[in-house]
Every structure is written in structure tokens, then in C-alpha cells.
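Observations on the model geometry
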Amino acid sequence: MAMRAYLQRALLEALRQIDGVPNGFLPTLEVPKVAQHGDLSTNCALKLARHLHRAPMQIAEEVATRIALDPDRIEACEAVRPGFINFRFSHRQLYQALAAVLEAGPQFGRTGAGQGQRALVEFVSANPTGPLTVGHGRNAVLGDTIANLLEWTGYDVTREYYFNDAGRQMRVLGASVRARYEQALHDRNLVAGSYATKHATDGVGRRVEVPASFPDDGYLGHYIVEIARALADAEGAALLSATSDAPFTQAAKEAIFQDIERTLQRLDIRMDTFFNERSLYESGALDAVLQGLSGTGLLYEKDGATWFRTSAMGKDSDTVLVKRTGEPTYRLPDIAYHRDKLQRGYDVCVNVFGADHIATYPDILRALRVLGLDADRIDVILYQFVTLVRGGQEVKMSTRKANFVTLDELTAEVGPDVTRFFFLMRSVGRHLEFDLDLAKEASDKNPVFYLQYAHARICSIQDKAASVGFETDVKADLALLTHETELNLIKQVVHFPQALCAVAEAREPHRLVVYLREVAAAFSHFYHHCRIIGEPRATASARMALAAATRVVLCNGLTVLGISAPERMEKRDEA
RNA sequence: GCGCCCGUAGCUCAGCCGGACAGAGCGUCUGCCUCCGGAGCAGAAGGUCAGAGGUUCGAAUCCUCUCGGGCGUACCA
């Protein structure tokens, strides 16, 4: 950051001396793809060529000669071919930055862009009608990691889970549990007589037997049976006479939420707050939204329903907010909920949604704008769906026993580190192919281990060094690090804070995965070209320091991703 | 029909707010363990960046169209 800012200032100063450069012109600096082109590069001469009616190369040369640079920081500045100006950092600059990594240690990478600001990340938000699925897994891991990223860039972050335990879904859930409860009582001979059954069709078209009292669109999952049995164990036949399904709904909700939280905890995810949709009904927030909207004339009645004139705001149709029955559609509480978030004073509200929400959130933003709220504070992350692949075949998401449906099963099978890594390694805009065979394989094919292995290897070197009689020396003479692989590794390691910042701002965790892979690769190259233990003491100390700094970055980076940085990895048995 | 996402090496994907010869992993082929962990390293082969136009000094990247795949488009949640 410092170098980029420093160079930009120097460039601006140089450009000011050249006739015809527009006032607001801001030169940009980027890291060239090829190391040969230096550490930072600007294309400003190419950009200005048209404006100045001059050859880009000529401009580049003039800038390069006019720019005033501290040779202690920049060792080379040259204008090159089409008109790029390339800068090379001085070694001294690199060594200073490297020392700073060791000084900051576990804090290295923390920056302050969000200092003093509060962020709310809403994610998962699955209603408590069943266990979390693999699809929820991508949501959960993305949300948690984005929250981590925001924390590392200085925000005060709240992780929130929004849910609805009132609607039709929950009524059906309660009725399903009740039917299974009655069945359980019969199975245990706690009530006399036989009970009637009927057939229902499950998600993959199979006929299954259910109690006659089972709702037509009831929940067929086995977890319902378990909840019902637990109720039968705890309450006996006492609930048989209940006048409503409420006790069943309540029991189901509690059991399922417990299950969901446990599933999340296995992935090291903990929510700060749970927001109940029902509270919006009770607080009058829904009415407040309707009132606010009606004041603008964008609300009208038709066929007994209340409509929001979204057609006046770029949508091809209007949207119902309150049904003819008087019941709100889900969009109304959604609007009220987001209004509530903004009113709670969050500077940034991140929402993690599956691609199927593509059509709903624009309505929310429209409504918020109409209500005079700053909808730009809401940042929607839309992720594409997950496909499980096993044996080269897509696993159909179904209740079929052999297939995975729940997040829990997935985590149990491949472990939390691999689960998180796989959900994070692809960009959110792409479908995620989750290869179970690859995920389960503890081998070099599995990309997670490449990162963890590099970390473990450094730890192992440090152990070895300690046993030989010396440890990382903070006062090592870093100027002894001159090998190409050493310099490259230093550059990678030192870049961590900027990399993290950029990833946080873009809210694209997969880019952190890409960066960390590069760090691990740079370390492996260094490791294979430069010995540490056994070299002269001064050289060994410097290399130990470099390894320690690499460890810091790998560890901090993995921590942001929510993946462990093991000090050793089990040797695998070669089959 | 309309809206959004995606189409880059045999496979899975980076790169996409335009720039310097298109990158990585896996797979394939060659080498490297008397030496700090070979879950590694060094190297090779492999691409009309779906296709066609356009904008530009310059396009995988921006615009238009076409073709493929996915998701939406409810007074369901």
C-alpha cells in the first residue's frame, strides 16, 4: 500500500510538469504479469497519448526522466516498448517490509479501511424446517468468510441469521411431526387400536407409507420421525389431546435449530444474532413500510390485493405485497427486515443469496430507495448452485440414502477444512462442482493440502532448527536474502495486506485462495533451491526469518478462510 | 418471450473496472530423495479464450447478434 501510494504521488508530481495532462488524471499502478517487467507498472503514458497527441513511448520517457524517486525505495524506473513505465523496488525496501511482517505476526494483514464502521453479514437464513443442505453450505462458508474478511479490514462485524417460524411451512412442519408422533405412540403401544396409513410420493418419485393424518405436502424426512419419537419418549401420550399443532411445531423448531447450529459449529461458524421475521409483524414494521410506500403513490389496490408499482421502476410488472387474503407476501417482511438493518445503523449490509433470489432482491432495493433509505449500503452476494460429483457422475440431490443431502454428512465425510476450502475456491458467479472423490483424497491432487503442507513444513523446519540449537532470529541480516526465489517469496509475503484488502473489498474469497496458493508455491520453490539448516549461521538466520514470515502469512490467510494451519500433517500410508 | 449467471488446455478452473508472448492444478510424458517432510521440485507437450460482427493504438476482458448450459420470471417460501 505504501509503495503504491508513494509511486502514485511521485507520478502525479511528474505529470504535473508535462503540458496538456488533464487535471483529474489519475495514473494507475498494477503488478505486471511477468516478473521481468518489474514490481509495479503504469500505463499512464499509453492512456495519455491520444490526449496529448504524442507518441506514448515519448511520454513514457519524459515521465521516467522527470519523476523524482528515492533510490532507497525504488532501484529502477524505465520506460519500455509500447509505453509502459516499470518500477523495481529496492532490496532494502523489501527487507524492511519483511521485517515488518515478523513484527506484526498474528496481526499482519489487518488493515483499517473499515475502521469505526459496522457491518452486518446476513447468511444461511434457512427456515428451521430441516437440516442444512449442501447448497446452504456454500452460503454458510461464503458468509462466514466474508465476515472474516471484513473483520480483518477493520469493520465491527455482526453475523446474522434471519428466519421465519410462523408461515405455512412451519404449520405443515408441525402437522407432519404430529402425525409421526401419533405413529410413534402406536408403535410403542402407548395407544390402543390400529391407525390408518396412506401413501405419499417423495422427492424422487417413490411411494412411501405415511400415517393417514399426515399432511399432503408434509415433510417426509427421517428427522421428522426422530423428533416425533423423542417427543413420544419425553411426553408419552400427553400431547395427543393438544388442541393445536403448536407444541409440535415448537419442538420441531427447537430440535432443528439445535441441529443447524451444531452443523454450523462443525464448520467453525457461529452466529451473533438470530432475527425472527415474526418480530416485524409484532413491532408494526410491516405497516410502517406500507405507510411509507403509500405516501409516495406507488402503492395501489387491485383485486383485493395491495400492489407495489415496480413497473414504474424498471421492472416489467408490478408486485403484490399483501395478498387478497390479507396475508403479506414474503416480500413485504423482506423489505421491512432490510429497512430494520439500515435503521440499526449498519454502514454495510452484506446479504448472501443463492442464485434463485435473483428476482427478489431488486424489489427490496427499490422499496428502500422509495422509503428514502440508502440502499447502496446493501451489498448482495449471489452465488450459483453446487453440484456434487462422485465417480465422475453428478449426484442427484435426493433423499436417497446413499447420496449426500445434508451439510453434516458432507462435513463428516471430507472434514471441515476441505469442506470450507472447496466452497471457497471458485468464484461465486460460477457453478461449483464439488468433487467428492477429490475432496476425500488426502493426496497431492487435493489443493487444500498444498497450502497446509507448506505451513506444516515450515513448522517442521523450525522444530529441526530449534533442536540443532538456534531459533528464528528477529535481528537476522535480511540483506543476505538475494536468491531469485528468496526475493520472489519476500514480494509475495509482503503483499498480503493489499491482497487481503482487495479480496475483502471485492467480496471474492476465492481470490484469497489463489493468492495463498501462490505464496505456498513461492515457498516451495525457495525451499528446494535454498537450504536453511547447515548453511553458515548468518545465512541460515536470514532464511529462517523468511520462513517464519511465510508461516505468518499462510497461517493468517488460512485463518481468514476458516481453515486450520496444522503444525504437522499425518504421513499418509502409501497403498 | 423477458431478466441474470456461465461457456478459456483432455478435465476442473484463474485472469474479465482493455494493455506487454493467455495462466494454475489435475491428467499425460522426462528428470530429481546418502540432504530441513517427495502431500514436494525442475522441465515438456497441450489453447481459432463458444461463434460472428463492432469500438480501440491495443479486446479473453467493452458493445451487438447467434449458438450452447444453468437460474429466475407466482396473490409459493
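Preceding this section is the structure that the text describes.
Residues numbered from 1 in each chain as written. Chains lettered and ligands numbered in written order. Predicted model: local features only at pLDDT ≥ 70, side-chain atom pairs only at ≥ 80, totals over all residues. Heavy atoms only, no water.

Across the sheet, five strands lie side by side as S9-S6-S5-S13-S14; this open sheet has parallel pairing. In this open sheet, the two strands that pair with only one neighbour each are strand S9 (273-276) and strand S14 (378-383). The average angle at which neighbouring strand axes cross in this sheet is 25°, direction not considered. Along the sheet face, helix H8 (residues 246-266) touches strand S6 (156-163) and S9 and points at about 145° away from the line of S6. (Pairing = 2+ DSSP bridges. Helix = DSSP H or I, 4+ residues; strand = E, 2+ residues; numbered from the N terminus. Axes fitted to C-alpha atoms, helices over the stretch in contact; angles between N-to-C directions. Contact = heavy atoms within 4.5 Å.)

Next up on the list: unusual backbone geometry. What is expected of a backbone is that most residues other than glycine have negative phi and most peptide bonds are trans. Even without a glycine there, the phi angle at valine 124 is positive, about 65°. You can see valine 124 is positioned in the loop between strand S5 (118-122) and helix H5 (134-152). Phi is positive for aspartate 268, close to 65°, though the residue is something other than glycine. Looking at where aspartate 268 falls in the secondary structure, it is placed in the loop between H8 and S9.

The end-to-end C-alpha distance of helix H16 (residues 447-468), which contains 22 residues, comes to 32 Å, matching closely the 32 Å that a straight helix rising 1.5 Å per residue would cover. Where H16 is buried, its residues meet helix H14 (416-424), helix H19 (510-529) and helix H20 (537-561). Immediately beyond the C-terminal end of H16, within one or two residues, lies glycine 469, with a positive phi of roughly 115°. (Expected span 1.5 Å × (residues − 1).)

Mapped onto the elements, serine 194 comes out in the loop between helix H6 (168-187) and strand S7 (197-201). Residues serine 194 and glutamine 183 lie 11 residues apart in sequence; the distance between their C-alpha atoms is 9.7 Å.

This paragraph deals with the packing of aromatic side chains. Applying the stated criterion to the full structure yields 16 aromatic pairs. Arranged with centres 6.0 Å apart and planes meeting at 35°, the rings of tyrosine 162 and phenylalanine 275 form a pair that is tilted. A residue pair is termed long-range when its members are at least 10 positions apart, and tyrosine 162 in strand S6 and phenylalanine 275 in strand S9 qualify at 113 residues. On the basis of relative accessibility, which here comes to 9%, the residue tyrosine 162 falls in the buried class. Geometrically, the ring pair formed by tyrosine 162 and tyrosine 337 is stacked, given 3.9 Å between the ring centres and 10° between the ring planes. Here the residue tyrosine 162 occupies a position in strand S6, and tyrosine 337 occupies one in helix H11 (residues 331-343), the gap between them amounting to 175 residues. Tyrosine 337 carries the same exposure label as tyrosine 162, and that label is buried. Above the ring of tyrosine 346, the side-chain terminus of arginine 118 is found at 4.3 Å from the ring centroid. The ring of tyrosine 527 carries arginine 457 above its face, with NZ or CZ at 3.9 Å from the centroid. (Phe/Tyr/Trp six-rings, centres within 6.5 Å; stacked < 30°, edge-to-face > 60°. Buried < 20%, exposed > 50% of the residue type's maximum accessible area, 1.4 Å probe, protein only. Lys NZ or Arg CZ within 6 Å of the ring centre and 35° of its normal.)

Quick look at the protein's contact with RNA strand B now. In the vicinity of RNA strand B lie 65 residues, with Gln169, Tyr453, Arg457, Arg531 and Glu570 positioned nearest. Atoms of RNA strand B within 4 Å of the protein: sugar and phosphate make up 66%, bases the balance. Residue aspartate 303 places a side-chain N or O atom 3.3 Å away from a base nitrogen belonging to RNA strand B. In the model, a sugar or linking oxygen of RNA strand B is placed 2.5 Å from a nitrogen or oxygen of the glycine 429 main chain. Of all elements in the fold, only helix H2 (44-52), strand S4 (84-89), strand S11 (305-308), H16 and H19 reach the threshold of two or more residues within the surface near RNA strand B. At nine residues, the largest contribution of residues to the surface near RNA strand B is made by H19. The class makeup of the residues in the surface near RNA strand B is 25 nonpolar, 17 polar and 23 charged. (Near = heavy atom within 4 Å. Polar contact = N/O pair within 3.5 Å; in protein donor to acceptor, adjacent residues only side chain to side chain. Nonpolar A, V, L, I, M, F, W, Y, C, P; charged D, E, K, R; others polar.)

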